Structures are given as structure tokens and as C-alpha cells.
Amino acid sequence: MRWIDLPPVWLVGFAALAWVQARVLPMGLSLNGAVTDLLSGILVGGGIILAIMAVVEFRRHRTTVLPHETPSTMVQSGIYKRSRNPIYLGDVLILAGLILRFDAVLSLVLLPIFVWLLERRFIIPEEDRLRRIFRADFARYERKTRRWI
């Protein structure tokens, strides 16, 4: 059952809601066009690249990428120098890009809800775990590196 409570599963669920909204309740609103298609591609592609960079960094340090598991190392290198949560940032970018791609204008409201869910369900518990395990190292990291960007 724990595999269901993972950020990619939530991302798929939110993306499905946006897709359904675009098909069932378009409301005559549209951002459809070449610029929107380009922007959606950049957002989805950027989100995927961020997530891959983050996972590669986790693998390089031989620690878990799963949010509910206890890490063996605190990763502060690579993309983690810029953001404490690049995978979650990537997930948000992917969702934003998909909402634009689906032309689901009403679903833009899902973005802050998704961010809120990621923070409450994953980020805060992860940071609490890191704070308990790595104490001073995490305190220094938290001071110098922003949560999102």
C-alpha cells in the first residue's frame, strides 16, 4: 500500500484530474496555441530533467530516493546545491506543463493544491527526519539552500 503514497502516483492523479476537466468541462476557455505548446514542452521537459538530475545525485551518494525511507546520506551536491527539493519542483513543473498541454485552464488551481500536498505529505516529514538524523549539517544546509528554488 505504501507504493500508492508516492509523489509520482499523486502527480499522475492530479494530471488525470486536469485531463478529465479539459475533456468534460472545457468551459470555452483556451490557452491553445503554438506558444502554449512550446511552454508546456519546456515545463514538462525541464521537470523531467530536474527529476533525473536529482535521482542521479541520490544514486551517486547511494542513498534512498523513496520519501518514506530513512536516508543514509544527506545529499547537498549537484542540483541539491540550488534546491532542497528538485524532484518535487520537477513534479510541479511537469503538472503545470501537462495542464497547459491538455488546455485545462480551470485546472491551474490544482497547482497550489499539489504544492501544498507535496509539502505536507512529503517535504515536511522528510525534513523532520533529516533534522533528527543530520542535525547541524541539515541546519547549515537549510540556511543556505532554499526549499523550492
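It should be noted that the structure appears before, not after, this text.
Sequence order as written defines residue numbering, which begins from 1 separately in each chain. Where totals are concerned, whole chains, interfaces and linings use all residues; where local detail is concerned, this predicted model gives features only for residues with pLDDT of at least 70, and gives and counts side-chain atom pairs only at 80 or more. Think of the side-chain values as coming from all heavy atoms in the structure, minus any hydrogens and water.

## Quick word on the overall build of the protein
Logical step 1: Secondary structure counts use DSSP, requiring at least four H or I residues in a row for a helix and at least two E residues in a row for a strand, with both numbered from the N terminus. From N to C terminus, the protein includes four helices and zero strands.
Logical step 2: Counting only C-alpha atoms, the protein reaches 55 × 30 × 25 Å along its principal axes.
Logical step 3: By element, 67% of the accessible surface of the protein is carried by carbon and sulfur atoms, the whole surface being about 8,800 Å².
Logical step 4: For the protein, the distance from the average position of its 20 positive side-chain charges to the average position of its 12 negative side-chain charges is 6 Å. Note that accessible areas follow from Shrake-Rupley with a 1.4 Å probe, and for residues the cover is restricted to the protein chains shown. For the charge count, each Lys or Arg is scored as positive and each Asp or Glu as negative, with His and the chain ends excluded. To locate a charge, the coordinates of NZ of Lys, CZ of Arg, CG of Asp or CD of Glu are taken.

## Quick look at a nonpolar patch on the surface
Logical step 1: Within this analysis, patches are made of residues with over 30% relative accessible area and no salt bridge. Like charges are joined at 9 Å or less; nonpolar side chains (Val, Leu, Ile, Met, Phe, Trp, Tyr) at 5 Å or less. We define a salt bridge as a contact between a side-chain nitrogen of Lys or Arg and a carboxyl oxygen of Asp or Glu at a distance within 4 Å. Where nonpolar side chains cluster on the molecular surface, the patch consists of Trp19, Val20, Val24, Leu25, Met27, Leu29 and Leu106 and spans about 660 Å² of accessible area.
Logical step 2: Its location among the elements puts Met27 in the loop between α1 (7–24) and α2 (34–60).
Logical step 3: In this structure Met27 comes out as exposed when scored by relative accessible area, which is 55%. Remark: exposure states derive from per-residue accessible area (1.4 Å probe, protein chains only) relative to the maximum for the residue type, with buried under 20%, exposed over 50%, and partly exposed in between.

## Some thoughts on the environment of Gln76
Logical step 1: Relative to the helices and strands, Gln76 is located in the loop between α2 and α3 (86–102).
Logical step 2: Throughout, a contact is declared for two residues whenever any of their heavy atoms are within 4.5 Å. Apart from the residues lying within four places of it in its own chain, the contact partners of Gln76 are Lys81, Tyr141 and Lys144.

## Describing the packing of aromatic side chains
Logical step 1: Ring geometry is summarised as follows: Phe, Tyr and Trp rings, the Trp one being its six-membered ring, pair when their centres sit within 6.5 Å, and such pairs are stacked at plane angles under 30 degrees, edge-to-face over 60 and tilted between the two. Per the counting criterion, the structure on display carries four aromatic pairs.
Logical step 2: Lysine and arginine charges are scored as sitting over a ring when NZ or CZ, respectively, is within 6 Å of the ring centre and within 35 degrees of the ring normal. The cationic tip of Arg121 hangs over the ring face of Phe122; the distance from NZ or CZ to the ring centre is 6.0 Å.

## Some words on the packing of α1 against α3
Logical step 1: Helix axes are fitted to C-alpha atoms over the stretch in contact, other axes to C-alpha atoms as well, and angles between N-to-C directions run from 0 to 180 degrees. Closest axis-to-axis distance for the α1/α3 pair is 9 Å, and the angle between their directions is 15 degrees. As judged from the angle between their axes, α1 and α3 are roughly parallel. Crossing angle aside, the handedness with which α1 passes α3 is right-handed. The segment α1 lies against α3, with Pro7, Leu11, Phe14, Ala15, Ala18, Trp19, Ala22 and Arg23 engaging Tyr88, Asp91, Ile94, Leu95, Leu98, Ile99 and Phe102. Should an angle fall under 35 degrees it is taken as roughly parallel, and over 145 as roughly antiparallel, whereas 65 to 115 is taken as roughly perpendicular and any remaining angle as oblique. Here a crossing is taken to be left-handed if its near helix is turned anticlockwise relative to the far helix by less than a right angle, and right-handed if that turn runs clockwise.

## Here we look at α1
Logical step 1: Helix span is expected to be 1.5 Å times the residue number reduced by one. The end-to-end C-alpha distance of α1 is 25 Å, a good match for the 26 Å that 18 residues give at a rise of 1.5 Å each.
Logical step 2: Buried residues of α1: Pro7, Leu11, Phe14, Ala15, Ala18, Gln21 and Ala22, and no others. Each buried residue of α1 sits inside an arc of 115 degrees when the element is viewed along its axis, so together they form one side. Set apart from the buried face of α1 by more than 90 degrees, the exposed residues are Val12, Leu17 and Val24.
Logical step 3: Of the surrounding secondary structure, the elements contacted by the buried residues of α1 are α3 and α4 (110–144). Read the arc as the range of directions from the helix axis to the C-beta atoms.

## Some details on the packing of α1 against α4
Logical step 1: Orientation of α1 relative to α4, taken along the N-to-C sense of each, is 160 degrees, at an axis distance of 11 Å. Here α4 runs roughly antiparallel to α1, going by the angle between their axes. Two packed elements cross with a definite hand, and for α1 against α4 that hand is right-handed. Contacts between α1 and α4 pair Pro7, Trp10, Leu11, Phe14, Leu17 and Ala18 from the former with Leu110, Ile113, Phe114, Leu117, Leu118 and Phe122 from the latter.
Logical step 2: Split by residue class, the contact of α1 with α4 holds twelve nonpolar, no polar and no charged. The classification used treats Ala, Val, Leu, Ile, Met, Phe, Trp, Tyr, Cys and Pro as nonpolar, Asp, Glu, Lys and Arg as charged, and all other residues, Gly among them, as polar.

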